[in-house]
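# Working through the structure, step by step
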Amino acid sequence: MSIPGLHLTQIGSGDFLLDPSRSLNIRDKDSLIDAVTAHLMQMRAVRLYYDLSDLGLIDPLYYSWLDALARAAHIINVEMICIRMQPTAAFALARFLDGLPVFKTALEIQDWQK
Amino acid sequence: MTTKKALSEKVKALFALKVEGIASQLEAPGVAMFCGSNRLMDVDEVSDISHELESLVASLLGSKDPTDLASVEMQALKGFFHNLSQKVLMRGGHVEDVVRYTQTVQFSVIEALEKASGVAFGQSRSVLLYFTSVFNELIMAVFGAYLDEREQTLQAQQAELRETSTPITEIWDGVLTLPIIGTLDSSRTMLVMESLLNRISKDHAKAVVMDLTGVKSIDSQVSHHLMQMVRAVQLMGADAIVTGIHPEIARALVSLNIDFNNITTRASMSDGLKEAFRRMGVTIGHI
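Residues numbered from 1 in each chain as written. Chains lettered and ligands numbered in written order. Predicted model: local features only at pLDDT ≥ 70, side-chain atom pairs only at ≥ 80, totals over all residues. Heavy atoms only, no water.

### Topic: the interface of chain B and chain A
The following threshold applies: Contacts: residue pairs with any heavy atoms within 4.5 Å of one another. When two parts are brought into contact, each loses some accessible area as probed by a 1.4 Å sphere; the total of that loss over both is the buried area. By convention in these notes, a salt bridge is any Lys or Arg side-chain nitrogen within 4 Å of a carboxyl oxygen on Asp or Glu. For this analysis, a polar contact is any N or O atom pair within 3.5 Å, provided that within protein one partner can donate a hydrogen and the other can accept it, and provided that sequence-adjacent residues contribute only side-chain to side-chain pairs. Under the DSSP-based scheme used, a helix requires at least four consecutive residues in state H or I and a strand at least two consecutive residues in state E, with every element numbered from the N terminus. Polarity classes work like this: nonpolar for Ala, Val, Leu, Ile, Met, Phe, Trp, Tyr, Cys and Pro, charged for Asp, Glu, Lys and Arg, and polar for all others, with Gly in that last group.
Tallying the contact residues gives 18 residues for chain B and 18 residues for chain A. When the buried surface of chain B facing chain A is broken down by residue, B:Arg231, B:Leu235 and B:Met236 rank first, second and third, together holding 41% of it. Where chain B touches chain A, the interface holds zero salt bridges. Inspection of the region where chain B meets chain A yields three residue pairs in polar contact (both at pLDDT 80 or more). Among the secondary structure elements, those contributing two or more residues to the side of chain B that touches chain A are α7 (186–203) and α8 (220–235) of chain B. Of all the elements, α7(B) adds the most residues to the side of chain B that touches chain A, at seven residues. Grouping the amino acids of the side of chain B that touches chain A by side-chain chemistry returns eight nonpolar, seven polar and three charged.

Dropping the structure here:
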């Protein structure tokens with residue numbers, strides 16, 4: 001399924017991969033979250049993997065989008081795991097975070113599944 | 001308002017002089033200082049720098065105000081000695097060689113100008129004073145280059161020391177160890193974090209054991225840096241295990257209100273490694 005700026009693909013039973021593209025407009029996060037959660041509910045999703053491999057930097061604005069999406073997913077009983085976070089993004093994010101984020105993190109999907 | 005400087009006749013004659021053809025007479029100090037047993041330069045190179053020096057001296061004496069030590073011409077001359085000093089130091093020479101060269105070349109310039117003009121500049125106190133003020137500035141430029149070089153060497157050594165004092169080792173497939181020794185300041189944390197995160201990504205590490213046995217004291221800033229490092233490791237998707245926390249450090253962390261709730265800690269590096277192996281499903285025992 002394609003939502004503007006996002007590709008949502010089922011990769012297993014209850015597992016979904018969310019792949020953001022360059023055209024993603026996170027300022028429109030409410031409608032994006034509505035579309036993603038609606039699809040996850042419809043497909044009875046259990047886990048949502050968010051691919052961060054193309055993101056070199058996570059600023060507070062992008063973090064607030066990830067945080068809102070993870071919280072919305074949690075409400076519908078879907079666990080969100082951010083995968084393939086780049087060293088530069090982790091470096092930047094660690095500098096302004098006070099605690100651990102709402103979402104989980106893993107190097108790869110397989111690492112989390114193990 | 002402009003101030004008119006009172007110049008002696010010989011100084012006026014010096015500033016009116018058309019300087020040319022003195023390069024060969026400036027070569028002797030260069031050959032003596034740089035072409036001896038130290039072999040810092042060959043004769044051709046000394047000849048080149050002597051020609052360049054002649055041209056720069058000519059520019060200074062022919063400038064609008066040769067007594068202005070901040071003029072463009074004077075800056076060019078200082079740049080020449082700065083570069084010469086750098087060149088000699090890089091080739092293993094000593095700053096004393098360049099200082100002696102600069103002092104000797106001062107007298108060679110005066111002698112060469114005397115020969116070229118027939119005016120006894122060496123007998124004039126005001127001419128000698130003028131050249132002394134100019135060459136004092138040039139010696140300062142030589143020392144400036146020496147200090148820059150020392151500073152760069154010191155920084156390079158510090159960087160090397162920082163790198164070697166935080167060796168990141170892959171002790172098992174997917175398990176990295178990072179013994180931290182000494183003080184964690186901002187610049188060191190940045191370096192350690194950068195190399196650690198890149199290693200996690202490159203080696204696909206699943207656990208990092210950070211050993212603080214070598215850290216003797218901790219303050220609010222250092223603990224903040226430590227937390228940042230642990231958090232960045234966790235954000236990459238790896239487990240961070242902190243080991244070897246001294247009782248004094250544990251007490252300091254408590255009094256600083258540092259939240260260690262989401263961080264796995266173990267008493268020693270050995271316990272930390274056991275925990276990392278346990279999480280990876282690796283069992284190690286006696287045969």
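Having seen the model, we can carry on.
### Quick notes on the nonpolar core
Short version of the rule: By nonpolar core we mean a set of buried residues, namely Ala, Val, Leu, Ile, Met, Phe, Trp, Tyr and Cys, connected to one another through side-chain atoms within 4.5 Å. Only protein chains enter the area calculation, which uses a 1.4 Å probe; residues under 20% of their type maximum are buried, those over 50% are exposed, and those in between are partly exposed.
Counting 70 residues, the largest nonpolar core has A:Leu48, A:Tyr50, A:Ile58, A:Tyr62, A:Trp65, A:Leu66 and B:Ile200 as its most contacted members. Residues contacting A:Ile58, with those up to four places away along its chain left out, are A:Leu52, A:Tyr63, A:Leu66, A:Met85, A:Ala89, A:Ala92, A:Leu93 and A:Phe96. By size, the runner-up hydrophobic cluster in this structure holds 43 residues, among which are B:Leu14, B:Leu40, B:Phe81 and B:Val109.

### Remarks on a negative patch on the surface
Residues and elements named next belong to chain B. Definition in use: Patch building starts from residues that exceed 30% relative accessible area and form no salt bridge, then joins like charges within 9 Å and nonpolar side chains (Val, Leu, Ile, Met, Phe, Trp, Tyr) within 5 Å. Methods summary: accessible areas were calculated by the Shrake-Rupley approach with a probe of 1.4 Å, and residue burial reflects only the protein chains presented. The sign given to each residue is positive for Lys and Arg and negative for Asp and Glu; His and the chain ends receive no count. Where a charge sits is defined by one atom per residue type, namely NZ (Lys), CZ (Arg), CG (Asp) or CD (Glu).
A contiguous patch of negative charge on the surface is contributed by Asp42, Asp44, Asp48 and Glu52. Among the structural elements, Asp44 can be located in helix α3 (residues 43–61). On the basis of relative accessibility, which here comes to 58%, the residue Asp44 falls in the exposed class.

### Points about helix α2 (residues 60–75) of chain A
Residues and elements named next belong to chain A. Under the convention used in this document: A helix is expected to span 1.5 Å multiplied by its residue count minus one.
For α2, with 16 residues, the first-to-last C-alpha span of 22 Å sits near the 22 Å given by 1.5 Å per residue. Taken as a whole, α2 has its buried residues at Tyr62, Tyr63, Trp65, Leu66, Asp67, Leu69, Ala70, Ala72 and Ala73. At its buried positions, α2 is contacted by β2 (6–12), β3 (15–20), α1 (29–42), β4 (47–51), β5 (79–83) and α3 (87–96).

### Some remarks on the pattern of salt bridges
Within the structure shown, the criterion is met by 15 salt bridges over all chains. A salt bridge links A:Asp15 to A:Arg47; the shortest N-O distance between them is 3.0 Å. Within this pair, whereas A:Asp15 is found in strand β3, its partner A:Arg47 is found in strand β4, the two being separated by 32 residues in sequence. Residue classification places A:Asp15 among the buried residues on the basis of a relative accessible area of 5%. Given a relative accessible area of 25%, A:Arg47 falls into the partly exposed group. The shortest N-O distance in the salt bridge between B:Asp203 and B:Lys202 comes to 3.8 Å. Take B:Lys202: its relative accessible area is 62%, and that puts it in the exposed class.

### Looking at the domain arrangement of chain B
In plain terms, the rule: Start and end positions for the domains come from either an automated domain assignment or a database one.
Parsing chain B into structural domains produces domain 1 (9–159) and domain 2 (169–280). Placing the centre of domain 1 of chain B and that of domain 2 of chain B at their C-alpha centroids yields a distance of 55 Å.

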